[in-house]
Amino acid sequence: MFRRTTRLATVALAVTALALGACAESTTDEPTAGTGSGTGQFPVTVGKLTLEKRPEKIVSLSATATEMLFAIGAGKQVTAVDDQSNFPADAPKTDLSGFQPNAEAIAAKGPDLVVLSDDMNKIVEQLGALKIPVHQTPAAKTLDDSYRQITELGQLTGHVDEAADVTRRMKDDITKLVEGLPQRAEKLTYYHELGPELYTATSKTFIGSLYTLAGLENIADASDADGSSGGYPQLSQEVIVKADPDFVFLADTKCCQQTPETVQARSGWAGLTAVKNNQVVPLDDDIASRWGPRVVDLLRAIVAAVAKAPAA
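For clarity, every value in this text was computed on a predicted model and none was experimentally measured.

Moving on, we come to the sheet that holds strand β5 (residues 78-81). One open sheet holds the four strands; their spatial order is β5-β4-β6-β7, and the pairing between them is parallel. Each end of this open sheet is capped by a strand with a single partner; those strands are β5 and β7 (134-136). The mean angle between the axes of side-by-side strands here comes to 20 degrees, regardless of whether they run parallel or antiparallel. Direction of pairing for strand β4 (residues 58-60) relative to β5: parallel, over a ladder of three bridges. Bridging from a neighbouring strand, Ser60 pairs with Val81 of β5. Where helix α2 (residues 63-71) meets the sheet, it contacts β4, β5 and β6 (113-116), and its direction lies at approximately 140 degrees from that of β4.

In C-alpha cells, the structure reads:
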C-alpha cells in the first residue's frame, strides 16, 4: 500500500508525464518500408526512425507500449520492460524506470529498439548518442492516437497484420458498446477520481473522451476552462459536493484502497446522488491510466454502469 505522500508524488508524476506526452513531438508520418511494408518487411521508417531489420531485443519503458507490443504479437521480441509494466503477467519486468530513465541501465540490456512515452531526463538524446534506436508513444489524447501508435508499433516490429487486426477489433467493440447505450433526455454527470487528493481529468483528456463517448458530462470541465492544469485539475470537496455528480468513478482502488464505502464516509459525500443511487464505480487503476487495447475494457465498465442508471 502506498503511503499518502507516495501517492501525491505518483499523481504529480503521472499528470506531468501525461502533459508532456500530449506536447511531445509525435511521429505522425505514415510508416513506410523499403519493400512490401504491408507485410512487415524491412527496412521500415516511422517518422524519423528507420530500422534496417526486425528488432529482437526491445526494451519498453511504457506500460501502455508494453501492452500494445504484446497485443500485436511482438511479445517474444520484448526482452525487458519498466517497473510499471505489469500486464501481461509474463512481460519481462525489471527495475528500469520510465519516470527516471537511466541510459546506462537501459543500454546494459542490449536493446535494438527502445519504446517509451516521454523524453524524461532527455533520455532520447542520451540513447541516440549510444546509437540505440528510440520510438516515442506519447500519452494519447484521442482514440485515433491509440490506433496510430498500435499501427506504428506493428510496422516497427514486423507485425503489420496483427496490429491492423487489433485496431479493427477495438473499433468494432467500441462501436457496439456505444450503439447499445440507452437514449436519455438529459446527460448524466460524473467525477473521475485519480486519487483521494481529488485530482481528476477533464473531457479534453484521453480518459475524458471515453466518458464523452458514453454520453456523460464531466463536472471538472468548468474548473479547467482556461486549460491551466493541462486537463488534470485538483478539485475541492466543495466543488464536487455542489456539482452533485450522478456517477463517481474511482481510478484509485489499488493504490489507495478507495471504495464506494470510503467515498460515502467522506464528509458531505453521503448525500451525493452517486452515493445514494449506488453509482460509485470502482475501476481498475492500471486500465484506467493506459491507452492501449484494454481501453475497450474500460469503456465497457463505464457503459455498463451508465446502462444501469435509472432512465429518469
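There is more to say after this.
A separate point is the packing of aromatic side chains. Using the criterion set out here, one finds five aromatic pairs in the structure. Between Tyr190 and Phe249, the aromatic rings sit 6.3 Å apart at their centres with planes inclined by 75 degrees, giving edge-to-face as the arrangement. Taken as a pair, Tyr190 in strand β8 (residues 188-193) and Phe249 in strand β10 (residues 247-250) lie far apart in primary sequence, 59 residues in all. Judged by centre distance (5.5 Å) and plane angle (25 degrees), the rings of Phe247 and Phe249 are stacked. Judged by relative accessible area, which is 0%, Phe247 ranks as buried. By way of ring pairs, the aromatic residues Tyr190, Tyr211, Phe247 and Phe249 are connected into one cluster. Taking the ring centre of Tyr147 as reference, the NZ or CZ of Lys171 above it sits at 4.9 Å.

One pass over the full model with this rule turns up twelve salt bridges. Two residues, Arg300 and Asp297, come together in a salt bridge whose shortest N-O distance is 3.0 Å. Highlighted residues: Arg300 and Asp297, both in helix α12 (residues 295-308), separated by three residues, approximately one helical turn. A relative accessible area of 37% places Arg300 in the partly exposed class. What you see here is one network of salt bridges that share partners, running through Glu67, Lys254, Asp284, Asp286, Arg290 and Arg294.

Moving on: the state of the cysteines. Tallying each qualifying case throughout the model produces zero disulfides. Of all cysteine sulfurs in the structure, the one in Cys256 sits closest to Cys255, which takes part in no disulfide; the separation is 3.0 Å. Since its relative accessible area comes to 8%, Cys255 is described here as buried.

On to the sheet that holds β8. Strands belonging to one sheet form pairs held by backbone hydrogen bonds; the direction of such a pair is parallel or antiparallel. Reading across the sheet, the four strands line up as β9-β8-β10-β11 and stay open at both edges, with parallel pairing between neighbours. Pairing within the sheet leaves two strands with one partner each, and these edge strands are β9 (216-218) and β11 (280-282). On average, each strand axis in the sheet is inclined to that of its neighbour by 30 degrees, with strand direction left out of account. Contacts from helix α7 (residues 206-213) reach β8, β9 and β10, with the element oriented near 155 degrees to β8. Sitting on the sheet, α12 touches β9, β10 and β11, and the angle it makes with β10 is about 155 degrees.

For helix α5 (residues 143-157), with 15 residues, the first-to-last C-alpha span of 21 Å sits near the 21 Å given by 1.5 Å per residue. Judged by how many residues are buried, α5 sits mostly within the fold: twelve of 15 residues are covered. Taken residue by residue, α5 has Leu143, Ser146, Tyr147, Arg148, Gln149, Ile150, Glu152, Leu153, Gly154, Gln155, Leu156 and Thr157 as its buried positions. Looking one or two residues past α5, Gly158 carries a phi angle of roughly 85 degrees, positive in sign.

At the junction of Phe42 and Pro43, the peptide bond is cis and its omega measures out at 5 degrees in the coordinates. Within the fold, Pro43 resides in the loop between β1 (32-33) and β2 (44-46). For the peptide bond that leads from Phe87 to Pro88, omega is 0 degrees, which places it in the cis range. Unusually for a residue other than glycine, Asp244 sits at a positive phi of about 50 degrees. Looking at the element boundaries, Asp244 is found in the loop between α8 (237-243) and β10. Judged by its relative accessible area of 28%, Asp244 is partly exposed. Phi angles above zero are rare outside glycine, and Gln257 is one such case at about 55 degrees. With respect to the helices, strands and loops of the structure, Gln257 is situated in the loop between β10 and α9 (260-264).

In globular proteins that are soluble, nonpolar side chains generally tend to be buried together. Ranked by internal contacts, the top residues of the largest apolar core, which has 58 residues, are Tyr211, Leu216, Phe247, Phe249, Leu298 and Ile302. Beyond its immediate stretch of four places on either side in the chain, Leu216 contacts Leu188, Tyr190, Tyr211, Phe247, Phe249, Ile302 and Val306. Ranked by size, the runner-up nonpolar core spans 14 residues in total, among them Ala220, Leu250, Leu272 and Ala274.

The rules we used
- Residue numbering note: each chain is counted from 1, following its sequence as written.
- Given that this is a predicted model, residues contribute local features only at a pLDDT of at least 70 and side-chain atom pairs are listed and counted only at 80 or more, while totals for whole chains, interfaces and linings are drawn from all residues.
- Here the side-chain values reflect all heavy atoms present in the structure, with hydrogen atoms and water set aside.
- Strand pairing follows a simple DSSP-based rule, namely that at least 2 bridges must link the two strands.
- Helix numbers and strand numbers start at the N terminus; a helix is a DSSP run of H or I with at least 4 residues, a strand a run of E with at least 2.
- Note on geometry: axes are lines fitted to C-alpha atoms, helical ones only across the stretch in contact, with angles between N-to-C directions running from 0 to 180 degrees.
- Should any heavy atoms of two residues lie within 4.5 Å, those residues are counted as being in contact.
- Side-chain rings of Phe, Tyr and Trp, where Trp is taken by its six-membered ring, are said to pair if the distance between their centres is within 6.5 Å; with planes under 30 degrees apart they count as stacked, over 60 as edge-to-face, and otherwise as tilted.
- A simple rule labels every residue: compare its accessible area, found with a 1.4 Å probe on the protein chains alone, to the largest value its type can have, and call it buried under 20%, exposed over 50%, or partly exposed in between.
- Remark: a charge is flagged as sitting over a ring if the NZ atom of Lys or the CZ atom of Arg is within 6 Å of the ring centre and within 35 degrees of the ring normal.
- The term salt bridge refers to a side-chain nitrogen of Lys or Arg lying within 4 Å of a carboxyl oxygen of Asp or Glu.
- Criterion for a disulfide: a pair of cysteine sulfur atoms at a distance within 2.5 Å.
- Helix span is expected to be 1.5 Å times the residue number reduced by one.
- Residues grouped as a nonpolar core are buried Ala, Val, Leu, Ile, Met, Phe, Trp, Tyr and Cys residues, joined through side-chain atoms within 4.5 Å.

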